[in-house]
Amino acid sequence: VLESAWLLQARAGAKVTVLPVGRDGIVQVEALEELLERHQDAVALCSIMGANNETGALQPVQAATELAAVHGVPVHSDWVHLAGKGALDFAATNLAAASVSSHKLGGPAGIGALLVRRDTPISAIAGGGGQERGVRSGTLDARAAAGFAAALQAPCVPASRLEQMLQPLDALVARSSGQLVSRTPPRHVAGTRAFSVPGCDAEVLVYLLDAAGIAVGSGAACTAGVVGPSHVLRAMGLEGDASSALRVSLGWDSRPSDVEALVSALPAVVERAREARAAESATPANQAEL
């Protein structure tokens with residue numbers, strides 16, 4: 001969503017304003033209110049995540065849509081990290097549009113859905129044969145669509161079950177005496193945890209856990225391969241923790257044994273990562289270059 005906004009700014013002359021978040025990672029609605037009042041005739045669209053995919057923070061989408069409606073501004077919400085973790089009712093919202101992705105529900109990768117309110121004016125970004133009611137041309141991937149439909153019809157793991165599975169990790173963080181620091185706010189989507197590990201490099205932690213057969217991330221999956229600290233934690237004012245943060249996210253196929261394996265492996269992995277950081281700090285700069 002951010003990259004799409006930057007492209008509009010670079011290629012279409014749009015002006016992008018990124019709303020600030022608090023240290024809990026939740027969008028400050030009062031900043032949106034101030035923006036709308038100051039530029040009420042110039043705001044074309046507001047886009048806000050349903051839930052942040054790194055920290056799990058649930059965002060004030062309803063408050064934002066109610067505020068934007070006063071000024072006649074349509075609101076889009078990224079529901080990708082919400083799908084499959086509770087009931088979603090687009091018709092019950094004031095949203096103009098919302099997007100979901102098949103892979104979060106166990107369906108095929110590369111296909112998703114854009115929910116659009118009927119009275120919302122939208123235009124195609126690529127011309128062609130007029131498929132998808134003229135919005136997205138091109139031959140449809142019917143097999144992927146069928147797989148997505150099947151995933152939508154399959155029963156979801158209850159949110160309470162996802163939270164229950166993460167209890168051993170929550171307990172480990174709570175008793176770590178600051179060795180692990182939670183970055184997930186109290187109001188969060190089920191099945192997601194973020195925590196920083198002071199004195200460690202996230203990339204080293206991810207590598208060591210991967211070697212143990214455990215898949216975690218140091219940021220959103222869409223930023224994989226991008227070297228640098230999490231932009232989410234930096235926006236939260238956590239510059240010092242941004243390069244040592246891990247993200248744990250459960251999905252449709254997660255099992256309690258997955259979390260138990262993480263909890264069992266994490267203490268030794270953290271110790272090795274800290275040793276690696278200490279060894280790197282003790283290496284003279286010229287030797288490191290060699």
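(A) Inspection of the confidence of the model for the protein chain at higher detail. Mean pLDDT for the protein chain: 89, with 93% of residues reaching 70 or above. Counting interchain partners and residues more than four positions distant, the pLDDT-below-50 stretch residues 220–225 has 2 contacts.

(B) Molecular detail of the sheet that holds strand E4 (residues 112–116). A sheet is described by the order of its strands in space; here 4 strands give the open sequence E1-E2-E3-E4, paired in mixed fashion. What marks the edges here is a single partner per strand, and that holds for strand E1 (46–49) and E4. On average, each strand axis in the sheet is tilted by 15° relative to the strand beside it, whichever way the strands run. Helix H3 (residues 61–70) rests against E1 and strand E2 (75–78) of the sheet, and its axis sits at about 165° to E2.

(C) Structural detail: the nonpolar core. Grouped together as the largest cluster of nonpolar side chains are 29 residues, with contacts concentrated most on Leu19, Leu32, Leu36, Ile48, Val75, Trp79 and Leu95. Of all elements in the fold, only helix H2 (29–38), E1, H3, strand E3 (97–101) and helix H4 (142–153) reach the threshold of two or more residues within this core. Sort the elements by how many residues they give to this core and H2 lands first, with 5 residues. Not counting residues up to four positions away in its chain, the partners in contact with Leu95 are Val61, Thr65, Val75, His76, Ser77, Trp79, Phe90 and Arg117. Counting residues in hydrophobic clusters, the runner-up holds 27 residues, among them Val173, Val259, Val263 and Val270.

(D) A look at the side chain of Ser244. Along the chain, Ser244 turns up in the loop between helix H8 (231–235) and strand E7 (245–249). Dropping the residues within four chain positions of it, Ser244 is found in contact with Phe195, Ser196, Val197, Pro198, Cys200 and Ala202.

(E) Just the pattern of salt bridges, in detail. Summed over the entire model, instances satisfying the criterion amount to 4 salt bridges. Of the charged contacts, one joins Glu34 and Arg38 as a salt bridge, the two residues approaching to 2.3 Å between their closest N and O atoms. With Glu34 and Arg38 both in helix H2, this residue pair falls 4 residues apart, about one helical turn. Its relative accessible area of 45% is what places Glu34 among the partly exposed residues.

(F) Broad picture of the pairing of E2. Residues Val75 and Ser77 line one face of E2 and the alternating positions His76 and Asp78 line the opposite face, and both faces are buried. Direction of pairing for E1 relative to E2: parallel, over a ladder of 4 bridges. What sits directly across from Ile48, in E2, is Ser77. Bridge count for E2 against E3 is 3 bridges, and the pairing is parallel. The residue bridging Asp78 from the neighbouring strand is Ser99, located in E3.

(G) H4, seen in detail. In a regular helix each residue adds 1.5 Å, so 12 residues correspond to 16 Å; H4 covers 17 Å between its end C-alpha atoms and thus fits that length. Of the surrounding secondary structure, the elements contacted by the buried residues of H4 are E3 and E4.

(H) Quick peek at the side chain of His76. Relative to the helices and strands, His76 is located in strand E2. Side-chain polar atoms of His76 contact the side chain of Ser99, separated by 3.1 Å.

(I) Representation of unusual backbone geometry. One non-glycine residue, Glu132, adopts positive backbone phi at about 55°. For Glu132, the position within the fold is in the loop between E4 and H4. For Ser177, which is not glycine, the phi torsion reads 55° and is therefore positive. Relative to the elements of secondary structure, Ser177 occurs in the loop between helix H6 (167–174) and strand E5 (181–182).

(J) Representation of the packing of H6 against helix H9 (residues 256–282). Running from N to C, H6 and H9 point in directions that differ by 25°, and their axes come no closer than 8 Å. With respect to each other, H6 and H9 are oriented roughly parallel. Residues Pro168, Leu169 and Leu172 of H6 lie in contact with H9, whose contacting residues are Val259, Leu262, Val263 and Leu266.

(K) Highlighting helix H7 (residues 202–211). Considered for burial, the residues of H7 that qualify are Ala202, Leu205, Leu208 and Leu209. The arc that holds the buried residues of H7, viewed along the axis, is 130°, so those residues lie on one side. Residues of H7 that are exposed and point over 90 degrees away from its buried face: Glu203, Tyr207, Asp210 and Ala211. The inward-facing, buried residues of H7 contact E7 and H9. In the stretch just after H7, Gly213 is the one whose phi turns positive, near 85°.

Thresholds applied
- Residues numbered from 1 in each chain as written.
- Predicted model: local features only at pLDDT ≥ 70, side-chain atom pairs only at ≥ 80, totals over all residues.
- Heavy atoms only, no water.
- pLDDT = per-residue confidence, 0-100.
- Contact = heavy atoms within 4.5 Å.
- Pairing = 2+ DSSP bridges.
- Helix = DSSP H or I, 4+ residues; strand = E, 2+ residues; numbered from the N terminus.
- Axes fitted to C-alpha atoms, helices over the stretch in contact; angles between N-to-C directions.
- Core = buried A, V, L, I, M, F, W, Y, C linked by side-chain atoms within 4.5 Å.
- Buried < 20%, exposed > 50% of the residue type's maximum accessible area, 1.4 Å probe, protein only.
- Salt bridge = Lys/Arg side-chain N within 4 Å of Asp/Glu carboxyl O.
- Expected span 1.5 Å × (residues − 1).
- Polar contact = N/O pair within 3.5 Å; in protein donor to acceptor, adjacent residues only side chain to side chain.
- Parallel < 35°, antiparallel > 145°, perpendicular 65-115°, else oblique.
- Arc of directions from axis to C-beta.

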